[in-house]
Amino acid sequence: MSTINLHQTTTLTPEKYIAALTDFGPGRSKRFGNSADEYLQVHQLSRTQADVTEGSGGVWERLHYDWSDANRVVLTTTDSNIWGGSSGHTYTFTRHFDGTTDIDVAVVREGKNLKGWLLGLVLGTIGKGALEKAFVNSVKAIEAR
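The paragraphs below set out a description of the structure included in this document. (Residues numbered from 1 in each chain as written. Predicted model: local features only at pLDDT ≥ 70, side-chain atom pairs only at ≥ 80, totals over all residues. Heavy atoms only, no water.)

Let's shift gears to the pairing of strand S4 (residues 59–69). The sheet contact formed by strand S3 (residues 49–56) and S4 spans eight bridges and is antiparallel. Bridge assignment links glutamine 49 to a residue of S4, and that residue is aspartate 66. Between the end of S3 and the start of S4, which pair antiparallel, lie two residues, with glycine 57 showing a positive phi angle near 55°. Sheet analysis places S4 next to strand S5 (residues 72–80), joined by seven bridges and oriented antiparallel. If you follow glutamate 61 over to S5, its bridge partner there is serine 80. Here S4 hands over to S5 after two residues, the two strands then running antiparallel side by side. (Pairing = 2+ DSSP bridges. Helix = DSSP H or I, 4+ residues; strand = E, 2+ residues; numbered from the N terminus.)

And the structure:
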């Protein structure tokens, strides 16, 4: 199991980032590169929760999104072709008096098969940079909106 911690400081409010994170409409891949539009399927959507399948590059996962806490969004993997166990993402938001927000993301990757185990190992070591780049790019894309 790999846990990857990411951090970004932004001028976005938590509300604006959460609104983009929970916008499952067309063009999502422009904000979140690891969420290709052809994989996107919304199974259930309410005011503070969603059940969504998304992915890219042959890797998909079904996620339960919970944004009922204004300072935290939890994505729990409920099904996937390679991820299982404790896999998911937790976004934590810290507001600052100067108007900036710290976004901390913990990505947990627990492979449920050989491909998942190997990819989790890569992401936890040399592949962390790819996740960091995708996260930074998502923040920049949302700031530019």
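The subject of this paragraph is the side chain of threonine 101. Within the element layout of this structure, threonine 101 appears in strand S7 (residues 101–109). Polar contacts involving the side chain of threonine 101 include one to the main-chain carbonyl oxygen of leucine 12, which spans 2.7 Å. Setting aside anything within four residues of it in sequence, one finds threonine 101 in contact with Gln8, Thr9, Thr10, Leu12, Thr13, Pro14, Phe93, Thr94 and His96. (Polar contact = N/O pair within 3.5 Å; in protein donor to acceptor, adjacent residues only side chain to side chain. Contact = heavy atoms within 4.5 Å.)

Along the chain, the position of aspartate 79 falls in strand S5. Sequence separation between aspartate 79 and threonine 53 is 26 residues; the distance between their C-alpha atoms is 8.6 Å. Setting aside chain neighbours within four positions, we find aspartate 79 in contact with Trp60, Glu61, Arg62 and Lys112.

A word on the packing of helix H1 (residues 14–21) against helix H4 (residues 128–144). The contact between H1 and H4 brings their axes to 10 Å, and the two run at 105°. Taken as axis vectors, H1 and H4 run roughly perpendicular relative to one another. Contact residues: Lys16, Tyr17 and Ala20 in H1; Phe135, Ser138, Val139 and Ile142 in H4. Grouping the constituent residues of the contact of H1 with H4 by class yields five nonpolar, one polar and one charged. (Axes fitted to C-alpha atoms, helices over the stretch in contact; angles between N-to-C directions. Parallel < 35°, antiparallel > 145°, perpendicular 65-115°, else oblique. Nonpolar A, V, L, I, M, F, W, Y, C, P; charged D, E, K, R; others polar.)

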